[in-house]
Amino acid sequence: MLHGNVKVHETKSQAHASAADEGKVMTRKQKAENKGHDGEQSPKKAKSEHETDRANGKTKADIAREFEDFCKSVREHLSVAQMREILEMNDQDSSGSDGSVTTKCQDLLFLGALGKCPLCDCNLEFDGTRYSCKGSYSEWSSCTFKTSNPPRKEEPIKLPDSVLNTPIADLLKKYQEPSRRPHRDLGAPAKPFAGMMISLSGRLSRTHHYWKKIIEKNGGKVANSVIGVNCLVVSPAERERGGSSKLSEAMERGIPVVREAWLLESIEKQELQPLEAYDVVSDLAVEGKGIPWDKREASEEALESLAAEIKVYGKRGVHKDTKLQERGGQIFERDGILYNCAFSLCDMGREINEYCVMQLISVPESNLHLYYKKGRIGDDSRAEERLEEWENVDNAIKEFTRLFEEVTGNEFEPWEREKKIEKKLLKFYPVDMDDGVDVRHGGLGLRQLGVAATHCNLESKVANFMKVLCSQEIYRYAMMEMGLDPPDLPVGMLSNVHLRRCEEVVVQFVEAVKPIKGTGQKSEAVWSDYSQRWFTLMHSTRPLILRDYEELADNVVAAFETVRDITVASHLVGDMSGSTLDDPLSDRYNNLGCSISPVENDSDDYKMIVKYLEKTYEPIKVGDIDYGVSVENVFAVEPSACPSMDEIKKLPNKVLLWCGTRSSNLLRHLKKGFLPATCSLPVPGYMFGKALVCSDAAAEAARYGFTAVDRPEGFLVLAVVSQGDNITEVSSVPEDTKSLEEKKIGVKGLGRKKTDESEHFMWEGDIKVPCGRLIPSEHKDSPLEYNEYAVYDPKQTRIRFLVGVKYEEKDAVMDTAEPQGEVS
């Protein structure tokens, strides 16, 4: 609901939750992790090598054996230098290691020279497993084209004289002409553990005997010792109790030690998964440097993220790793320019996801310091880092500007003075910070919450409400759940310039993919290009190539709107890290420009709201557990940013409706009122275009207000909405939302369920309250589960109540349906 809010999700903060649990609702990070494993392409299940798909009258098994014999002959009779010469003569890449050159040359001689990439017209390369493009689709992105059946040049293979004089010449000539070459499709991948030696240790979910059979069936072998093996698979208990002698020996020998999930997922996907993604001991080893965030289990990453110190909190924030803030260090400023820059680069074609930070720091009674840090996002221990002291200020500034140009390919002054920047291929793009304090740094810490509320002069319930909205916690959780939580980059304190550029890319993304029909290679290229643009601007620990509108809505549009709202909260909250004795909560309340007062439990309004909630609520399902809801508090609110009730009462067709929102979005709603959705997408919440969307079902709003099973408190919003004189009812996705936006026509989206109209009543004269039990409607094919109401003018909407709710676990229900990633 309400532009940029997130549907039900189960947070990674549950350290006890198993990554393999079925039926659980996933966070964006978990979905991104899965996409990282299978997001390139999803090839259909390979046929058996013994099936009789014939090429030139031969089975795939025949061709495989023929190719193996051919490769052996090439290795025996041709030198690597000759192979490089063959590649160069046929306009193929001859760089790389000897093994890489051999692999590419054997492929060329047997099957023909590779053609151009069909997406960007660059050269294709073969790595022994698949063919991929190393070209660039745009200045923002590498081409991510990969295939198992590449285009080939329809011309004879050119052979140098040195090769024609070898004993292998006649064999090579046999395959020289295109018409005589076999067809070798790599769509049937090798068995995932082919050529691997694996050792097992500890009590696994299945017996070692069982795993031995399965591993051998999938091409691998099992060894009793760790000597000479590719990896050791251990049970979780091995780590907890300090590990067996086998585990210790593996660590000493530098052999990867992985979780059982590595076996399971490699078999399930029929593709060898990266060992480092399942590593259980590298962060324990003395010489280990820790596991990157994107390679950790979801719950482990969440716990570290939530506890991590925000290292750059804004334009004036001295990087925590310099330790110079402890000596009174400040960001150097001259002629209105603050010498503090952060950068990001996401290029998934080349597996790049990096950040960079540069600062000039002045320290009392000391020289100027230049700090430079660059590394992979979420992999802090491997970052390149240096802190240099400069006696000459002008020379330090020259070095800073030189580094800026090296990192971005642009000049520094035009960027800082006018925000002019041009994205250059494989160069970083600035993450423009605002002059303020990220709320995850400046908000109230856990130890401050109680004291702050105690010393607050506001009514106690209001003080506790403000305490929640001014705390770091809800914003840390929001960023963590979206994967936008790298501590070195200030996501919660972005400038308006950067936010506008993010919004431009969001709109361009939507406009670029909407005309695309089908899921071919051209379509994938556009999705890939804009995914990489987005994750350069809005850097994530787990970027992914988005594939459909729901992913676009969840990972891009909703993420942008949430970050935009958190930036507003950052400005409003400021720095509350000092003493709370001077009542900072009252100060923030006054700056909010919104009157907030508790609604008494015995009042008619309170009873009406509880009735409306109970009638239109249905349990939220997370995994196999249903969650009910109870009302904790109700607040009447009067935001100065919204039209007054007197103004709203003059408008026609008024309805009291539910609006779902994250807690992290609330301060912006109260400070600036509701904002329309950023764009139009054919998914619930965005299908009406740039509209304010509410529902008559608390069940719909609760999906967005739901936080997580281990943080059961949340808020629902009740707003008075005028639909205007003209109301259009739809039961399918509107084809043209622009006309609705321009004419500001009220829209009612008819869901598969509706509230019983016989139970509706009026409130405060002529405001309809569609309070009635949820019953099936006649619109069984609607894309909406519940009715949604859209208006296009913020002046037609007024926030009236905030309902503090608590989600409560009901009796566990066995769910025999297929596990789903998200409740929709």
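Scroll up to find the structure.
Report on the accompanying structure. For every chain, the first residue of the written sequence is number 1, and numbering continues from 1 onward in sequence order. Where local features are concerned, this predicted model is filtered to residues with pLDDT of at least 70; where side-chain atom pairs are given and counted, the filter is 80 or more; whole-chain, interface and lining totals use all residues. Side-chain measures were taken over the full set of non-hydrogen atoms in the model, leaving aside hydrogen atoms and water.

Some thoughts on the overall build of the protein chain
For the protein chain, the helix and strand inventory stands at 26 helices and 31 strands. Only protein chains enter the calculation, and the probe is 1.4 Å; a residue is then buried if its accessible area is under 20% of its type maximum, exposed if over 50%, and partly exposed in between. Expressed as a percentage of its 824 residues, the buried residues of the protein chain come to 55%. Contacts are assigned to residue pairs with any non-hydrogen atoms lying within 4.5 Å of each other. In the protein chain, of all internal contacts separated by at least 6 residues, the share reaching a separation of at least 24 is 73%. Every accessible area reported is derived by Shrake-Rupley at a probe size of 1.4 Å, with residue values counting cover from the shown protein chains alone. A total of about 35600 Å² of accessible surface is found on the protein chain, and carbon and sulfur atoms cover 46% of it. Strands here are runs of E lasting at least two residues and helices are runs of H or I lasting at least four, both read from the DSSP assignment and numbered beginning at the N terminus.

So, the sheet that holds strand 2 (residues 131-133)
Spatially, 1-2-5 is the arrangement adopted by the three strands of the open sheet, whose pairing is antiparallel. Only two strands of the sheet have a single neighbouring strand rather than two, namely strand 1 (124-126) and strand 5 (146-147). Being paired, for any two strands, means DSSP has found at least two bridges between them. Examined bridge by bridge, strand 1 and strand 2 share three bridges and lie antiparallel to one another. Note that in strand 2 the partner of leucine 124 across the bridge is cysteine 133.

Observations concerning the sheet that holds strand 9 (residues 257-259)
Taken together, the four strands give an open sheet; going across it, the order is 7-6-8-9, and neighbouring strands pair in parallel fashion. Only two strands of the sheet have a single neighbouring strand rather than two, namely strand 7 (221-223) and strand 9. Mean inter-strand twist for the sheet, computed between neighbouring axes without regard to direction, equals 40°. Across three bridges, the pairing between strand 8 (residues 231-234) and strand 9 is parallel. Note that in strand 9 the partner of leucine 232 across the bridge is valine 257. Whenever a helix is involved, its axis is fitted only over the stretch in contact; in every case the axis is a line through C-alpha atoms, and angles between N-to-C directions fall within 0 to 180 degrees. Running over the sheet, helix 7 (residues 208-217) touches strand 6 (197-201) and strand 7 and is turned about 165° from strand 6. Here helix 10 (residues 261-269) sits on the sheet and contacts strand 6, strand 8 and strand 9; the angle it forms with strand 9, its principal contact strand, is near 70°.

Focus: the pattern of salt bridges
The salt bridge definition used is simple: a Lys or Arg side-chain nitrogen within 4 Å of an Asp or Glu carboxyl oxygen. Taken as a whole, this structure holds 41 salt bridges when the rule is applied. Residues arginine 386 and glutamate 388 are paired through a salt bridge, measuring 3.3 Å at the closest nitrogen-oxygen approach. We classify arginine 386 as partly exposed; its relative accessible area is 27%. Shared partners join several salt bridges into a network, and the residues in it are Lys311, Asp321, Lys373, Asp380 and Asp488.

Some thoughts on the packing of helix 3 (residues 80-89) against helix 4 (residues 98-111)
Contact pair helix 3 / helix 4: the axes reach a minimum separation of 9 Å and the direction vectors enclose 55°. In terms of orientation, helix 3 lies oblique with respect to helix 4. The two elements helix 3 and helix 4 cross, and the hand of that crossing is left-handed. Across the interface between the two elements, Val80, Met83, Arg84, Ile86 and Leu87 of helix 3 pack against Asp98, Val101, Thr102, Lys104, Cys105, Leu108 and Leu109 of helix 4. Each residue gets one of three labels, nonpolar for Ala, Val, Leu, Ile, Met, Phe, Trp, Tyr, Cys and Pro, charged for Asp, Glu, Lys and Arg, and polar for the others, Gly among them. Residues of the contact of helix 3 with helix 4, tallied by class, amount to eight nonpolar, one polar and three charged. For classification, angles of less than 35 degrees are called roughly parallel, those exceeding 145 degrees roughly antiparallel, those between 65 and 115 degrees roughly perpendicular, and all remaining angles oblique. Handedness of a helix crossing follows the sense of rotation of the near helix relative to the far helix, less than a right angle counterclockwise being left-handed and clockwise being right-handed.

Here we look at the environment of cysteine 356
Counting through the fold element by element, cysteine 356 comes out in strand 14 (residues 352-362). Looking at cysteine 356, the relative accessible area reads 0%, which means it is buried. Sequence spacing of cysteine 356 and leucine 489 is 133 residues, and the spatial spacing of their C-alpha atoms is 8.6 Å. Dropping the residues within four chain positions of it, cysteine 356 is found in contact with Cys341, Ala342, Phe343, Tyr372, Lys373, Lys374, Val407 and Phe428.

A few points about the nonpolar core
Inside soluble globular proteins, nonpolar side chains tend to come together where they are buried. Phe465, Trp534, Ile596 and Trp658 are the most contacted members of the largest nonpolar core, which has 147 residues in total. At 12 residues, the largest contribution of residues to this core is made by helix 20 (residues 549-573). Ranked by size, the runner-up nonpolar core spans 33 residues in total, among them Val101, Cys105, Leu111 and Cys117. What we call a nonpolar core is a set of buried Ala, Val, Leu, Ile, Met, Phe, Trp, Tyr and Cys residues that are connected through their side-chain atoms within 4.5 Å.

Considerations on the packing of helix 18 (residues 496-513) against helix 19 (residues 521-537)
For the pair helix 18 and helix 19, the least separation of the axes is 10 Å and the interaxial angle reads 170°. One element, helix 18, and the other, helix 19, form an angle in the roughly antiparallel class. On helix 19, the residues touching His498, Arg501, Cys502, Val505, Val506, Gln508, Phe509, Ala512 and Val513 of helix 18 are Val526, Trp527, Tyr530, Ser531, Arg533, Trp534 and Leu537. The residue makeup of the contact of helix 18 with helix 19, split by class, is 11 nonpolar, three polar and two charged.

Considerations on helix 18
The periodicity of an α-helix, 3.6 residues per turn, causes residues three or four places apart in sequence to face the same way. A helix is expected to span 1.5 Å for every residue after the first. The end-to-end C-alpha distance of helix 18 is 26 Å, a good match for the 26 Å that 18 residues give at a rise of 1.5 Å each. Taken as a whole, helix 18 has its buried residues at His498, Leu499, Arg501, Cys502, Val505, Val506, Phe509, Val510 and Val513. Packed against the buried residues of helix 18 are helix 13 (412-418), strand 17 (429-430), helix 19 and helix 20.

Here's the deal with the state of the cysteines
Each disulfide consists of a covalent bond between the sulfur atoms of two cysteine residues. The criterion for a disulfide is a pair of cysteine sulfur atoms lying within 2.5 Å. This structure, assessed with the given rule, holds one disulfide. Of all cysteine sulfurs in the structure, the one in cysteine 105 sits closest to cysteine 71, which takes part in no disulfide; the separation is 9.8 Å. The cysteine cysteine 642 is free of any disulfide, with cysteine 594 supplying the nearest cysteine sulfur at 7.8 Å.

With respect to unusual backbone geometry
Here the phi dihedral of aspartate 91 falls at roughly 60°; this positive angle occurs in a residue that is not glycine. One can find aspartate 91 in the loop between helix 3 and helix 4.

Observations regarding a negative patch on the surface
Among the surface-exposed residues, Glu459, Glu600, Asp602 and Asp604 lie close enough to one another that they form a single negatively charged patch. If you trace the backbone, aspartate 602 turns up in the loop between strand 18 (594-598) and helix 22 (604-615). Patch membership needs two things, relative accessible area over 30% and no salt bridge, and members are linked within 9 Å if like-charged or within 5 Å if nonpolar (Val, Leu, Ile, Met, Phe, Trp, Tyr). Charge convention: Lys and Arg are scored as positive, Asp and Glu as negative, and His as well as the terminal groups of each chain are ignored. The location of each charge is read from NZ of Lys, CZ of Arg, CG of Asp or CD of Glu.

Observations concerning the packing of aromatic side chains
Side-chain rings of Phe, Tyr and Trp (the six-membered ring for Trp) are treated as a pair once their centres are within 6.5 Å; stacked means planes under 30 degrees apart, edge-to-face means over 60, and tilted covers the remaining angles. With the rule as written, the count across this model stands at 21 aromatic pairs. On the basis of an interplanar angle of 75° and a centroid distance of 5.3 Å, the ring pair of phenylalanine 400 and phenylalanine 412 is categorised as edge-to-face. Separated by 12 residues along the polypeptide, phenylalanine 400 in helix 12 (residues 393-408) and phenylalanine 412 in helix 13 bring together distant segments of the chain. When sorted by exposure, phenylalanine 400 lands in the same class as phenylalanine 412, which is buried. Through pairs of rings, three or more aromatic residues link up here, namely Phe332, Tyr339, Phe343, Phe400, Phe404 and Phe412. A cation over a ring is seen here: arginine 206 above tyrosine 210, with NZ or CZ 4.4 Å from the ring centre. Two thresholds decide whether a charge sits over a ring: the Lys NZ or Arg CZ must be within 6 Å of the ring centre and within 35 degrees of the ring normal. The cationic tip of arginine 533 hangs over the ring face of tyrosine 530; the distance from NZ or CZ to the ring centre is 4.6 Å.

Quick notes on the pairing of strand 8
Alternating residues of strand 8 divide into Cys231 and Val233 and Leu232 and Val234, and every residue in both groups is buried. When strand 6 meets strand 8, the two strands line up parallel, connected through four bridges. Directly across from serine 199, in strand 8, lies its bridge partner leucine 232.

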